[in-house]
Amino acid sequence: MIIADPRLIYADPRDLDTLRNALKDNDPEGKLCPILMDQIYIQKKAIELLPEIISEHTRGKKILMVSDMTPYFRGKDSLKEQIYYLLSQNFDVLWLTLDNHDHVLHAVDEESTRIQEVIRTHQADCVLGIGGGTITDLCKDASHAVDDSIPLIIVQTALSVNAFSDGISIMLKNGVKCSLPTRYPSVLVIDLNVIEQAPMERNLAGYGDVLATWTAPVDWYLSHKLGMNNTYNDPSCDILRTQNSELLEQSARLAAKDQETFELLAKVLTLSGLAMGIAGESSPSSGTEHIITHLLDMAADKQHRDVAFHGAQVSIGTIFTAIAWDILLNEFDPTSVDLEKCFPTEKKMKPMVYESFEWIKKETADECWKGYQKKLENWKSNKENFKKFLRNWDIIKTEIQNVVVSPQHLCEQMRAAGAPTHYSQMTPSIDEKTARWALRNCHLYRNRFTLSDLLFYLGWWNDDFIERLIQRASELDAGL
Ligand SMILES: [Zn+2]
């Protein structure tokens with residue numbers, strides 16, 4: 001294996017120039033997308049820099065501040081009020097609060113449209129989003145819809161997800177979670193004093209979201225090896241793996257609220273967003289573990305239930321996916337594959353997709369089938385690549401073994417961090433029936449090829465296999 005560039009392995013998101021140079025030197029095919037961000041701050045007292053940051057990036061005085069109802073503190077006082085008063089001294093600040101009446105706010109078009117209207121009526125010179133992933137996704141989507149040249153500054157209030165440093169918004173459309181290309185924030189501000197006061201379960205959710213780094217890039221690599229994507233690139237993985245590994249080993253220090261570990265988590269989360277940004281899609285940080293999670297969210301939406309923290313759900317999906325990888329790596333024998341059985345017809349798959357999703361909404365099933373149909377077509381056109389994959393399995397297996405995590409170590413470290421390892425420990429908890437449904441049907445829901453697709457086409461991903469995953473997880477005190 002080629003040794004990666006140390007500037008990538010130890011990338012610091014606060015030094016974007018060095019990172020950009022390293023990416024340029026490691027991108028002979030010119031495949032990578034540019035990082036369209038001006039600056040990332042991860043430091044103590046970063047909030048105090050806001051007036052200066054805004055003046056630097058904004059010509060006018062009109063600021064639209066967008067937040068949700070979640071309270072955040074810096075010292076004893078409300079963070080949002082502190083920022084409002086701090087900025088009001090120099091700017092004309094309009095504060096828009098998105099209130100979802102005691103329910104979790106979703107990134108839906110309706111909320112984005114509200115922000116767009118206020119950007120227009122206030123003639124905002126700058127949008128300042130304060131909050132978590134949903135506020136960030138909405139502000140990216142809304143300011144992109146109005147005018148990309150309006151500076152977007154995001155104050156991240158917890159290390160909850162990796163949605164802060166990429167040009168994608170995860171929006172809920174027709175009950176389906178879609179990743180849409182929108183825009184990057186111009187500036188990301190992470191104040192470590194705010195982070196240390198954020199509820200621990202939110203910061204642990206971010207730790208959970210980056211655990212996907214143990215499975216998503218591997219799914220992405222697998223898909224690449226099978227000819228199912230042409231976006232795979234090593235730098236998107238290199239900037240994450242080593243520091244993510246250090247983070248996993250420091251899990252116990254996270255539970256002790258160690259400052260340096262918070263800082264490392266902030267860096268890794270931000271790099272995880274950048275990895276998606278430079279790939280131009282979410283694959284480096286989103287594989288099987290995320291599609292399971294998306295299905296859980298879709299079910300919650302249909303049942304009018306709130307969703308548990310995204311990253312916490314993702315980490316349980318990661319445990320199941322790591323187990324699935326473990327089973328494949330230990331048991332797969334390419335000589336036993338009956339090639340003809342690995343390519344199902346549309347006639348077989350279409351009813352399966354509708355049966356899985358029509359209970360949510362007809363439109364949801366339509367949307368899922370639209371994506372799945374493309375994937376199936378693509379899979380059929382890659383038969384030769386699949387044959388090559390089977391011939392080369394020993395080499396590919398060794399490569400993958402070098403980068404996946406053992407499910408046991410993953411669960412031990414999660415417990416050391418104080419992170420939940422069961423769906424039943426989520427707030428609100430996820431029932432077994434919904435979890436089984438999400439695990440069983442995750443591969444049917446979109447165009448992206450992941451490990452779950454390979455296992456399905458091999459005839460493995462069925463009810464018995466799901467029970468086996470659940471059983472293995474349960475032996476590790478994890479899973480349902
Ligand atoms: Zn995520």
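Preceding this section is the structure that the text describes.
It should be emphasised that the depicted structure is a prediction, and the values quoted were computed from it without experimental measurement.

Student: Requested: an account of the environment of Leu-390, with residues and values cited.
Tutor: You can see Leu-390 is positioned in helix α17 (residues 383-391). Beyond its immediate stretch of four places on either side in the chain, Leu-390 contacts Phe-332, Pro-334, Val-337 and Leu-339.

Student: Explain the pairing of strand β2 (residues 62-68) to me, using residue names and the numbers behind them.
Tutor: On a regular strand, one side chain projects to one face of the sheet and the next to the other, so that they alternate. Most of β2 sits out of view: six of its seven residues are buried. In the sheet, β2 pairs with strand β5 (residues 92-98) via seven bridges, with the strands oriented parallel. Bridge assignment links Lys-62 to a residue of β5, and that residue is Asp-92. As defined by bridge partners, β2 adjoins strand β6 (residues 126-131) across five bridges and the pair is classed as parallel. Paired with Ser-67 across the strands is Ile-130, a residue of β6.

Student: Could you give an account of the nonpolar core, naming the residues involved and the relevant values?
Tutor: Judged by nonpolar contacts, the single largest core of 144 residues is most densely connected at Tyr-207, Ile-239, Leu-274, Phe-357, Phe-386, Phe-389 and Tyr-423. A domain-level breakdown of this core finds at least three residues from each of domain 1 (6-198) and domain 2 (207-231 + 281-475). The residues contacting Leu-274, other than those within four sequence positions of it, are Pro-13, Leu-16, Leu-19, Ile-35, Met-37, Ile-40, Ser-165, Tyr-184 and Ile-239. One finds Ile-47, Ile-63, Ile-153 and Val-155 within the second-largest nonpolar core, a separate group that totals 22 residues.

Student: Go over the packing of helix α8 (residues 200-211) against helix α10 (residues 234-249), please, and point to the residues and values.
Tutor: Axis angle and axis distance: for two packed helices, these are the angle between their axes and the distance between the axes, and together they describe the pair. Taken N-terminus to C-terminus, the directions of α8 and α10 make an angle of 130°; their axes are 11 Å apart at the nearest point. It follows from the interaxial angle that α8 and α10 lie oblique. Like other packed secondary-structure pairs, α8 and α10 cross with a definite hand, here left-handed. Between α8 and α10, the contacting residues are Tyr-207, Val-210 and Leu-211 on the first element and Asn-244, Leu-247 and Leu-248 on the second. Residues that form the contact of α8 with α10 fall into these classes: five nonpolar, one polar and no charged.

Student: Break down α17 for me, with residues and values.
Tutor: Every α-helix carries 3.6 residues per turn, so stepping three or four residues along brings you back to the same face. Of all the positions in α17, only Phe-386, Phe-389 and Leu-390 are classed as buried. Seen from one end, α17 has its buried residues packed into an arc of 100°, which puts them on one side. Those residues of α17 that are exposed and aimed more than 90 degrees away from the buried face are Glu-384 and Arg-391.

Definitions and limits used
Residues numbered from 1 in each chain as written. Predicted model: local features only at pLDDT ≥ 70, side-chain atom pairs only at ≥ 80, totals over all residues. Heavy atoms only, no water. Helix = DSSP H or I, 4+ residues; strand = E, 2+ residues; numbered from the N terminus. Contact = heavy atoms within 4.5 Å. Buried < 20%, exposed > 50% of the residue type's maximum accessible area, 1.4 Å probe, protein only. Pairing = 2+ DSSP bridges. Core = buried A, V, L, I, M, F, W, Y, C linked by side-chain atoms within 4.5 Å. Domains from an automatic or database assignment. Axes fitted to C-alpha atoms, helices over the stretch in contact; angles between N-to-C directions. Parallel < 35°, antiparallel > 145°, perpendicular 65-115°, else oblique. Left-handed = near helix turned anticlockwise from the far one by under 90°. Nonpolar A, V, L, I, M, F, W, Y, C, P; charged D, E, K, R; others polar. Arc of directions from axis to C-beta.

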